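Take a look at the letters that make up each chain.
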Amino acid sequence: MAERGRPRGFDRDAALRLAMEAFWEHGYEGTSIGDLTARMGIRPPSLYAAFGSKEQLFREAVALYEGLEGEPPLQALREAPTALAGIEAMLRANVRSYTAPGRPTGCMVVLAATTYTPSTEGIRDFLAEQRRGGTGAVRERLARGQDDGDVPPGADIGALAAYVMSVQYGLSLQARDGAGRDELDAVVDCVLAGWDGVVAARVTAAGTG
């Protein structure tokens, strides 16, 4: 009879990272339990004993991804001296993450669930909430920019935050399609070159609403 509390025969943290990479590369629907156990080097009973279910494993994998890949760009956003410098730092950091060699391209949170079925609505809502968190962080940085004087007081920071995140999602998709760092950095250059005009347009729109 096995002793209670006997250690698992695998490294849970290492297995979780391998699961994260599988979901990142193939998405939630595209990654089967068989794919996961093969990638993680464990049997299905061990997966269920350690993580509960595929959905619970996925949620843990997303949390790991956010800590490893999502937090550094957000930290760059928060710590830059101006809102625009923070947006540039965040986008450039994500470009580096999305195109790093030897691992899946693009953003796991953007790409992991592009199609849904009734059984995966919880995953859809979970990932949407993660993305809203990113938009909220950009909005907060723009609001701080208004307080600091580097974003006009009448700027529509909600629309500007949505614009920035739409660019970020596009960078992720282009990276998955094979775009390299230089190509994506050129997109960021365009955002910076047109920023004053975008902000001015949203100030005008906000003032006439």
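The chain goes by TetR/AcrR family transcriptional regulator in an unreviewed UniProt entry, where it is assigned to Pseudonocardia zijingensis.

Caption draft 1: Fine view of the layout of surface pockets. A volume near 270 Å³ is recorded for the largest pocket. Breaking the lining of the largest pocket down by element, the ones donating at least two residues are α4 (54-79), α5 (83-99), α6 (108-111), α7 (121-148) and α8 (157-176). Top contributing element to the lining of the largest pocket by residue count: α4, with 6 residues. Partitioning the lining of the largest pocket into residue classes produces 10 nonpolar, 6 polar and 3 charged.

Caption draft 2: Inspection of the nonpolar core at higher detail. Of all hydrophobic cores here, the largest spans 57 residues; its most connected members are L36, M40, L57, F58, M108, L127 and L142. The element contributing the most residues to this core is α8, with 8 residues. Discounting residues that sit within four places of it in the chain, L36 has contacts with A19, A22, F23, T31, L47, K54 and L57.

Caption draft 3: Representation of the UniProt feature "domain: HTH tetR-type" (unreviewed entry) in the chain. UniProt records the feature "domain: HTH tetR-type" (unreviewed entry) at residues 9-69, using the numbering of this structure. Annotation note: span residues 9-69, helix share 77%, strand share 0%, distance between end C-alpha atoms 28 Å.

Caption draft 4: Here's a closer look at the side chain of N94. Relative to the helices and strands, N94 is located in helix α5. Since its relative accessible area comes to 6%, N94 is described here as buried. Of note is the side chain of N94, whose polar atom sits 2.9 Å from the side chain of Q168.

Caption draft 5: Expanded view of the side chain of T37. Position of T37 relative to the elements: it lies in helix α2 (residues 33-40). In terms of polar contacts, T37 uses its side chain to reach the backbone carbonyl oxygen of G34, at 3.1 Å. The residues touching T37, leaving out its near neighbours within four places in the chain, are I42, R43, P44 and L47.

Caption draft 6: Structural detail: the UniProt feature "DNA-binding region" (unreviewed entry) in the chain. Per the UniProt record, the feature "DNA-binding region" (unreviewed entry) sits at residues 32-51. In residues 32-51, the share of helix is 80% and the share of strand is 0%. The end C-alpha atoms are 15 Å apart.

Rules used throughout
- Residues numbered from 1 in each chain as written.
- Predicted model: local features only at pLDDT ≥ 70, side-chain atom pairs only at ≥ 80, totals over all residues.
- Heavy atoms only, no water.
- 1 Å grid on protein atoms, 1.4 Å probe; cavity = no way out; pocket = protein on both sides within 12 Å on 5 of 7 lines; lining within 4 Å.
- Points joined across faces, edges and corners; volume = space filled by probe spheres on them.
- Helix = DSSP H or I, 4+ residues; strand = E, 2+ residues; numbered from the N terminus.
- Nonpolar A, V, L, I, M, F, W, Y, C, P; charged D, E, K, R; others polar.
- Core = buried A, V, L, I, M, F, W, Y, C linked by side-chain atoms within 4.5 Å.
- Buried < 20%, exposed > 50% of the residue type's maximum accessible area, 1.4 Å probe, protein only.
- Contact = heavy atoms within 4.5 Å.
- UniProt positions renumbered as here; feature names shortened; annotations may be inferred.
- Polar contact = N/O pair within 3.5 Å; in protein donor to acceptor, adjacent residues only side chain to side chain.

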